[in-house]
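These are the residues of each chain, in order.
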Amino acid sequence: MHRRKRKARFQRRTQPGALPGSVVVDPLAKSPKLHLLSYGSDRCEERMLGKVSEAREYLDKYPVTWINVEGLGDATIIGQVGEMFGLHRLALEDVVNVHQRAKVEEYRDHLFIVTRIPRQNAHFDSEQVSIFLGKNYVVSFLEDPGDCFEQVRQRVRAGQGHARVAGPDYLAYALIDAAVDAYFPVLEHQGDRLDTLEDLMLAKPSAQTIRDLHGSKSILRSMRRVLWPQREALNVLVRDHSSLVRDETRVYFRDCYDHTVQLIDLLEVDRERCADLLDLYLSNASNRLNEVMRVLTVISTLFIPLTFIVGIYGMNFNTKTSPWNMPELEWYYGYPLVWLTMIVVVVGQFIFFVRKGWIGSSLPPEKHAPEGEQDEVQHESHDHNEIGRPSHQA
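Residues numbered from 1 in each chain as written. Predicted model: local features only at pLDDT ≥ 70, side-chain atom pairs only at ≥ 80, totals over all residues. Heavy atoms only, no water.

What follows is about the packing of aromatic side chains. If you walk through the whole model with that rule in mind, you get 12 aromatic pairs. A ring pair is formed by tyrosine 173 and tyrosine 252, whose centres lie 5.3 Å apart and whose planes are at 45°; its orientation type is tilted. Placement of the pair is tyrosine 173 in helix H5 (residues 168-181) and tyrosine 252 in helix H8 (residues 247-313), with a sequence separation of 79 residues. Take tyrosine 173: its relative accessible area is 9%, and that puts it in the buried class. Centroid distance tyrosine 335 to tryptophan 339: 6.4 Å. Interplanar angle 80°. Geometry classified as edge-to-face. Residue tyrosine 335 and its partner tryptophan 339 are located together in helix H9 (residues 334-356), separated by four residues, close to a single helical turn. By relative accessible area, tryptophan 339 is classed as partly exposed at 43%. In textbook terms, an aromatic cluster arises when at least three aromatic residues are bridged by ring pairs, as seen for Tyr170, Tyr173, Tyr252 and Phe253. (Phe/Tyr/Trp six-rings, centres within 6.5 Å; stacked < 30°, edge-to-face > 60°. Helix = DSSP H or I, 4+ residues; strand = E, 2+ residues; numbered from the N terminus. Buried < 20%, exposed > 50% of the residue type's maximum accessible area, 1.4 Å probe, protein only.)

What follows is the structure, given as structure tokens:
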């Protein structure tokens, strides 16, 4: 039997015993692209960077500077970004090892936040997003180039809401909130898929239906493995007091935490639906098997007495030797009488099975009470209604 080769969940590239903080990139990772967005309350400036050093002039020029690094295929560029902002080497090591759980780590002058965002593909997969929050900057690292934060950029460009007025902590919240909200369409799609599978389970279940159900269950299990650490990480940002996160922004992080809790609730409901649909499939399969076995049993039961009758008359005793040796073999109407006997037996059995409810219904027949008992029950019901009915004269 050919077995499908499974993809490894993660592969750590640093050798055992390597120096802590070693940045070893994936040779298949894409080359980094640096996108800069600096802004204040009155204006903003946006450009692509050719060198990391080009971002230095914007740090003192604007209150907030956001550098988004798309691609993790160059350890030199990642190291230069870390040197410019003073990022911890252990955090940079976690940036290139993209199997990290969602977490929040506090260093001397910056916060390191890891979140995960779903990818748009047929099977569920998530991409690690690493965010560094400092006094006047936000540095984000993405595995692959993409526009998952384009809506955040549009709000900053247009100056909508608190995007321009708030500090870098609000920008970090906007990035995390965009990552969390990206899971709602995925869960909605899974909910619609489970509705379709439920209809198929009730109408015409098949082996493909159970395979699709197993695929949905695997996707929900992977999402659960991502969202539960996300809730704990947001709880740290809400509960712990850091000088880099203002109290005004902590309210927004609490709202993002509520979104994560809502996602987990929907996720658990869908996981329970998967278990219920699996039970429904097994119950339908068992019912179909019971129906088939009932039909076969009825057919076998109908032919048992017929086999008994023809077995007796197939013994061919010699009637000339003794009058007790099957005198029916010499009857003029012996053959029609045997057929009539077999037909009467089959019809009688069939009527008996129908009255017992073994054919044509899965429920036993209703037991009717005797006529006297029915009158007594009706009389008691009438008295009960008279007692419970309110008096119009009162």
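Next comes the rest of the account.
Attention shifts here to the nonpolar core. Trp66, Ile131, Ile176, Met223, Leu237 and Phe253 are the most contacted members of the largest nonpolar core, which has 56 residues in total. For methionine 223, the contacting residues outside a window of four places in its chain are Phe124, Tyr183, Val186, Leu187 and Leu267. Judged by nonpolar contacts, the second largest core, of 30 residues, contains Val23, Tyr58, Leu72 and Leu92. (Core = buried A, V, L, I, M, F, W, Y, C linked by side-chain atoms within 4.5 Å. Contact = heavy atoms within 4.5 Å.)

Time to look at empty space enclosed by the protein. Think of a ball as big as a water molecule: rolled over the atoms, this probe shows where empty space is left. Enumeration over the complete set of coordinates arrives at one cavity of 30 Å³ or more. If you go around the largest cavity, the residues you meet are Tyr39, Val152, Arg155, Val156, Ala163, Tyr170, Leu171 and Ala174. Of all the secondary-structure elements, those providing two or more residues to the lining of the largest cavity are helix H4 (150-158) and H5. (1 Å grid on protein atoms, 1.4 Å probe; cavity = no way out; pocket = protein on both sides within 12 Å on 5 of 7 lines; lining within 4 Å. Points joined across faces, edges and corners; volume = space filled by probe spheres on them.)

Bringing helix H3 (residues 89-96) into the picture now. Across the eight residues of H3, six count as buried, placing the element largely inside the fold. Buried within H3 are the following residues: Ala91, Leu92, Glu93, Asp94, Val95 and Val96. Residues of H3 that are buried sit in contact with helix H2 (75-85), strand E4 (103-106), strand E5 (111-118), strand E6 (126-133) and strand E7 (137-142).

One pass over the structure, following the stated rule, counts 20 salt bridges. A salt bridge links glutamate 70 to arginine 153; the shortest N-O distance between them is 3.6 Å. Taken together, the residues span a long stretch of sequence, with glutamate 70 in strand E3 (residues 64-70) and arginine 153 in helix H4 at a distance of 83 residues. Judged by its relative accessible area of 11%, glutamate 70 is buried. Two residues, lysine 103 and aspartate 94, come together in a salt bridge whose shortest N-O distance is 2.9 Å. Assigned by exposure class, lysine 103 and aspartate 94 land together as buried. (Salt bridge = Lys/Arg side-chain N within 4 Å of Asp/Glu carboxyl O.)

By themselves, these figures tell us nothing about what the structure is for.
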